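# Summary of structural features
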Amino acid sequence: MIIGERKPIKEILAMIKDCNRIIIAGCGTCVAVCLAGGEKQVKVIAGALKLARKLEGKELEVIEITVERQCEKEFIEEIKPFISDSDAIVSLACGIGAQTLTENYPEIITYPGLNTTFIGAPAEHGIWKETCRSCGDCLLGITGGLCPISRCSKSLLNGPCGGSKNEKCEVNQEIDCVWQLIYKRLKELNKLDQIREIQKPRERRTKDNGIPRKIIREDAML
Ligand code: SF4
Ligand code: SF4
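Every chain is numbered independently, its residues counted from 1 as its sequence is written. In the order they appear in the text, chains get letters beginning with A and ligands get numbers beginning with 1. Predicted model: local features are reported for residues with pLDDT of at least 70 only, side-chain atom pairs are reported and counted for 80 or more only, and whole-chain, interface and lining totals are derived from all residues. Only hydrogens and water are removed before side-chain values are computed, so all heavy atoms of the structure are retained for them.

Here we take up the site of ligand 1. Neighbouring residues are identified by heavy atoms, a residue being near a molecule or strand if any of them is within 4 Å of it. In the neighbourhood of ligand 1, the contacting residues comprise Ile2, Cys27, Thr29, Cys30, Val31, Arg69, Gln70, Cys71, Ala93, Cys94, Ile96 and Gly97. Broken down by secondary-structure element, the contributors of at least two residues to the shell around ligand 1 are α2 (30–33) and α5 (95–104). Throughout, the ten residues Ala, Val, Leu, Ile, Met, Phe, Trp, Tyr, Cys and Pro are labelled nonpolar, Asp, Glu, Lys and Arg are labelled charged, and all others, Gly among them, are labelled polar. Class assignment for the residues of the shell around ligand 1 results in eight nonpolar, three polar and one charged. Under the scheme used here, helices are H or I runs from DSSP no shorter than 4 residues and strands are E runs no shorter than 2 residues, and both carry numbers assigned from the N terminus.

For two strands to pair, DSSP has to find at least two bridges joining them. Pairing is parallel in the open sheet, where four strands are placed in the order β3-β2-β4-β5. Of all the strands in the sheet, just β3 (61–67) and β5 (109–112) have a single pairing partner and so form its edges. Taking the axes of each pair of neighbouring strands and ignoring which way they run, one obtains an average angle of 25° across the sheet. Inspection of the sheet shows strand β2 (residues 21–27) paired to strand β4 (residues 88–92) by five bridges, in the parallel sense. Paired with isoleucine 24 across the bridge in β4 is valine 90. Angular values range over 0 to 180 degrees, each being the angle between N-to-C directions of two axes fitted as lines to C-alpha atoms, with helices fitted over their stretch in contact.

Looking now at unusual backbone geometry. A cis amide bond links glycine 159 with the next residue in sequence, proline 160, at an omega value of -5°. Within the secondary structure, proline 160 is located in the loop between α6 (148–151) and α7 (178–188). The backbone phi angle of serine 155 is positive, close to 50°, even though this residue is not glycine. Tracing the backbone shows serine 155 in the loop between α6 and α7. Judged by its relative accessible area of 28%, serine 155 is partly exposed. Unlike most non-glycine residues, asparagine 166 shows phi in positive territory, near 50°. Along the chain, asparagine 166 falls in the loop between α6 and α7. A residue is classified by how much of its surface remains accessible, and asparagine 166, at 73% relative accessible area, is exposed. Only protein chains enter the area calculation, which uses a 1.4 Å probe; residues under 20% of their type maximum are buried, those over 50% are exposed, and those in between are partly exposed.

Turning to α7, a few remarks are in order. Listing the buried residues of α7 in full gives Val178, Trp179, Ile182 and Leu186. Burial along α7 is one-sided: seen end-on, the buried residues are contained in an arc of 95°. Relative to its buried face, α7 has exposed residues pointing more than 90 degrees away, namely Lys187 and Glu188. Residues count as neighbours in contact if any of their non-hydrogen atoms are within 4.5 Å of one another. On the buried face of α7, the contacting elements are α6 and α8 (193–196). Where α7 terminates, the next one or two residues include asparagine 190, which has phi positive at roughly 60°. What the arc measures is the spread of directions leading from the helix axis to the C-beta atoms.

The subject of this paragraph is the sheet that holds strand β1 (residues 2–6). Pairing is antiparallel across the open sheet formed by three strands, whose spatial order is β1-β6-β7. Taken across any chain shown, the strands that pair with only one partner, and hence form the sheet edges, are β1 and β7 (127–132). The average angle at which neighbouring strand axes cross in this sheet is 70°, direction not considered. Sheet topology note: the strand β6 (residues 114–124)/β7 ladder contains five bridges and is antiparallel. Bridging across to β7, glycine 120 finds its partner in glutamate 130.

With that settled, the discussion passes to the side chain of threonine 110. Relative to the helices and strands, threonine 110 is located in strand β5. Those residues in contact with threonine 110, other than ones at most four positions away along the chain, are Ile89, Ser91, Ala98, Leu101 and Thr102.

Next up on the list: the nonpolar core. The biggest cluster of nonpolar side chains holds 25 residues, and the ones touching the most others in it are Ile16, Ile22, Ile24, Ile45, Leu49, Val90 and Leu92. Those elements giving two or more residues to this core turn out to be α1 (9–15), β2, α3 (39–55) and β4. No other element matches the five residues that α3 contributes to this core. Setting aside residues no more than four positions away along its own chain, leucine 49 makes contact with Ile9, Ile12, Leu13, Ile16, Ile22, Ile24 and Leu60. Among the buried residues, those of types Ala, Val, Leu, Ile, Met, Phe, Trp, Tyr and Cys that are joined through side-chain atoms within 4.5 Å form a nonpolar core. One finds Ala25, Ile63, Ile83 and Ile89 within the second-largest nonpolar core, a separate group that totals twelve residues.

Printed below as a string of structure tokens:
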């Protein structure tokens, strides 16, 4: 899922400085799980913005709304009735959600309330970790299901680098050396031969040719 973090209230206040009535639009999926943009967070931010405005001696009217997924236009229909009377939307979704609002409601400005940080998963209560770089050429099938692109500090395709100590990464002692984990996992599975084969540099054209990537599935088109 997409992991995001709330922008500082000061930064949001600066973006909405000329607005009297705003919509705070939450997203009930990824960013709700990482406690950045769900219904509860919409309420918290609405309260904080209103209070900050009050302290400046001004009022701020806020419409709070959380849709199931802000990146799909069917779900953002719920926001439409409030647009004509509002000055701006503050999106508490990832950048995809914020841009979906911009594309579908060009008559109003959408400001990002979150910083989109990475693709990851909850590791423990209150901790989320990056586990995928969306490189476009997944090699989990060779590495026992553990991603060296996102989890090795050097993104090595042929590891380990030889610098790890006590199974920790030489670059950052707080993280496990993923190549140690890959070795152990493949040993357990009796598949060590998979990492004896040297991996050539990956095909990164899909990522590095400078244009946004796109997938077309003709069988799914109407
Ligand atoms: S808008 Fe972003 S955070 Fe919300 S469901 Fe879509 S991808 Fe996830
Ligand atoms: S110690 Fe392990 S995780 Fe760290 S850079 Fe070397 S191979 Fe990668």
